[in-house]
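Here is what each chain is made of, one letter per residue.
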Amino acid sequence: MAKVVIVTGGGRGIGAATCKLLANQGYWVCVNYVNDAESAESVVTEIQLQGGEAFAFQANVADEQQVKAMFKAVTSRYGRVTHLVNNAGVLSLQSTLENISSERFRTILDTNVMSCFLCSKEFIKQLPSDGSIVNVSSAASRTGAPFEYIDYAASKGAMDSLTKGLSLELAERNIRVNGVRPGCIYTEMHADGGEHARVDRLASKIPLKRGGRVEEVASAIAWLLSDEASFVTGSFIDIAGGN
C-alpha cells in the first residue's frame, strides 16, 4: 500500500522541509498551501527533480468544505491518505494579551486549532485503520509565550489536548497520533511576528546555545510517522534545544 501524506502549510519552513524529506522516503506528498502558490510549486518541483511524487493543492484548512475538497483530490490521485501532518499555523505581531483583539484571537484559533480538527476528522473518516498523524505544536504551549504570543500559545495548548485525546480514541484502530513541539527554529514565521532575528536574540538563552533548523524538526516528524515509531502514540517530542 502506498504511503500517501498531506502536509498542511507545506510550502515553506517546517512544512516544506517535511514534504521534501517524506518524498525522499517514498511518500506520495500533497503540498497544501493557502496563498503562496509559487513556494508550494517550488517544493513540488524540487521533489520531482529528485524522482519523488508530489503535487500542490490550495486550500484554507480552517474551512471544512475546502478540507473535504483537498482530501477528495488526493484520494482521486493517489488513493487513501495514510499519513497526515497538521503543520499549518499563523501568529500575529508580538503583543501583550490586553492589546490582542478578539478578532485576532479568533483568527489564531481558527487557523491553528480548527485546521487540525478538520483535517484530522476528514483523515480518520476515510481511513479505517493503520495510519499516523503528527501535529506540529510549539514549545509555546508549555511556556505560554508571555509578552509576545499568548494567543498563539493557547492555540498550541489546545492542539496538544486534541493530540492526546485523539490518540486514545484511535489507538484500537492502530492510527497513531503524536506531536512535535518546536522551540526557536529558523523559519519565516518570526518575521510574521515582527521580529525577523528573534531566534538570534534568544539563542544565548537556549541550553544548546543556538537556534534549530527546519530539517531537525522534519526528521522528528518523519520518525513519528514511520513504522519505527509503531509503539508510540499520544506522545510529544520537544525540539527546543533544551528549553
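As recorded in an unreviewed UniProt entry, the chain goes by the name NAD(P)-dependent oxidoreductase, listed as coming from Vibrio ponticus. According to its UniProt record, the chain has this under Sequence similarities (unreviewed entry): "Belongs to the short-chain dehydrogenases/reductases (SDR) family."

Asker: Report on the overall build of the chain, specifying residues and quantitative values.
Answerer: Counting secondary structure elements, the chain contains nine helices and seven strands. Against the globule reference of 18 Å for 243 residues, the chain gives a C-alpha radius of gyration of 17 Å, in line with a compact fold. Across its three principal axes, the chain shows a C-alpha extent of roughly 50 × 40 × 35 Å. Counting the 243 residues in the chain, one finds 50% classified as buried. In the chain, the proportion of contacts linking residues at least 24 apart, taken out of those at least 6 apart, comes to 74%.

Asker: Provide a residue-level description of the nonpolar core, including the pertinent values.
Answerer: Among the nonpolar cores identified, the biggest contains 34 residues, and Leu22, Val29, Val85, Val180 and Ile221 are the most heavily contacted of them. Looking at this core, the elements with two or more residues in it are β1 (4–7), α1 (13–24), β2 (28–33), α2 (37–49), β3 (53–58), β5 (131–136) and α9 (214–225). A total of eight residues in this core trace back to one element, the largest contributor, which is α9. Other than its neighbours up to four places away in sequence, Val180 contacts Val134, Asn135, Val136, Ser137, Ser138, Val217, Ala220, Ile221, Leu224, Ile237 and Ile239. In terms of nonpolar packing, the next biggest core, distinct from the first, is built from 28 residues, Cys30, Val81, Leu127 and Leu170 among them.

Asker: If you had to explain the environment of Gly144 to someone new, which residues and values would you point to?
Answerer: By the element assignment, Gly144 lies in the loop between α5 (140–143) and α6 (150–170). By relative accessible area, which is 26% here, Gly144 ends up partly exposed. C-alpha separation for the pair Gly144 and Glu169, spaced 25 residues apart in sequence, amounts to 27 Å. Non-local contacts of Gly144, meaning those with residues more than four positions away in its chain, are made with Tyr149, Ile150 and Ala153.

Asker: Break down the pattern of salt bridges for me, with residues and values.
Answerer: Inspection of the entire model under this criterion finds 13 salt bridges. Salt-bridge contacts for Arg104 lead to Asp151; the nearest nitrogen and oxygen are separated by 2.6 Å. Residue Arg104 is found in helix α4 (residues 102–126), and its partner Asp151 is found in helix α6; the two are separated by 47 residues along the sequence. The salt bridge involving Glu148 is made with Arg198; its shortest N-O contact spans 2.7 Å. Highlighted residues: Glu148 in the loop between α5 and α6 and Arg198 in helix α8 (residues 198–202), separated in sequence by 50 residues. When its relative accessible area of 13% is taken as the criterion, Glu148 is described as buried. One network of salt bridges, in which partners are shared, links Arg142, Asp160, Arg181 and Asp238.

Asker: Can you break down α2 residue by residue, with the values?
Answerer: In this model, α2 (13 residues) spans 18 Å end to end at C-alpha, consistent with the 18 Å of a helix rising 1.5 Å per residue. Buried within α2 we find Ala40, Val43, Val44 and Ile47. Mapping the buried residues of α2 onto a view down its axis gives an arc of 95 degrees, with all of them on the same face. Opposite the buried face of α2, at more than 90 degrees from it, the exposed residues are Glu38 and Leu49. On the buried face of α2, the contacting elements are α1, β2 and β3. Backbone geometry just downstream of α2 places Gly51 in the positive-phi region, at approximately 90 degrees.

Asker: I'd like a description of the sheet that holds β3, backed by residues and values.
Answerer: Pairing is parallel in the open sheet, where seven strands are placed in the order β3-β2-β1-β4-β5-β6-β7. Each edge of the sheet is formed by a strand with only one pairing partner; in this case those strands are β3 and β7 (236–239). Each strand of the sheet is rotated relative to its neighbour by a mean of 15 degrees, with strand direction disregarded. Two elements, strand β6 (residues 175–182) and β7, share four bridges in a ladder whose sense is parallel. The partner of Gly179 across the bridge, within β7, is Phe236. In this fold α2 packs onto β2 and β3, with an angle of close to 170 degrees to the strand it touches most, β3.

Thresholds applied
- Residues numbered from 1 in each chain as written.
- Predicted model: local features only at pLDDT ≥ 70, side-chain atom pairs only at ≥ 80, totals over all residues.
- Heavy atoms only, no water.
- UniProt positions renumbered as here; feature names shortened; annotations may be inferred.
- Helix = DSSP H or I, 4+ residues; strand = E, 2+ residues; numbered from the N terminus.
- Rg over C-alpha atoms; globule rule 2.2 N^0.38 Å.
- Buried < 20%, exposed > 50% of the residue type's maximum accessible area, 1.4 Å probe, protein only.
- Contact = heavy atoms within 4.5 Å.
- Core = buried A, V, L, I, M, F, W, Y, C linked by side-chain atoms within 4.5 Å.
- Salt bridge = Lys/Arg side-chain N within 4 Å of Asp/Glu carboxyl O.
- Expected span 1.5 Å × (residues − 1).
- Arc of directions from axis to C-beta.
- Pairing = 2+ DSSP bridges.
- Axes fitted to C-alpha atoms, helices over the stretch in contact; angles between N-to-C directions.

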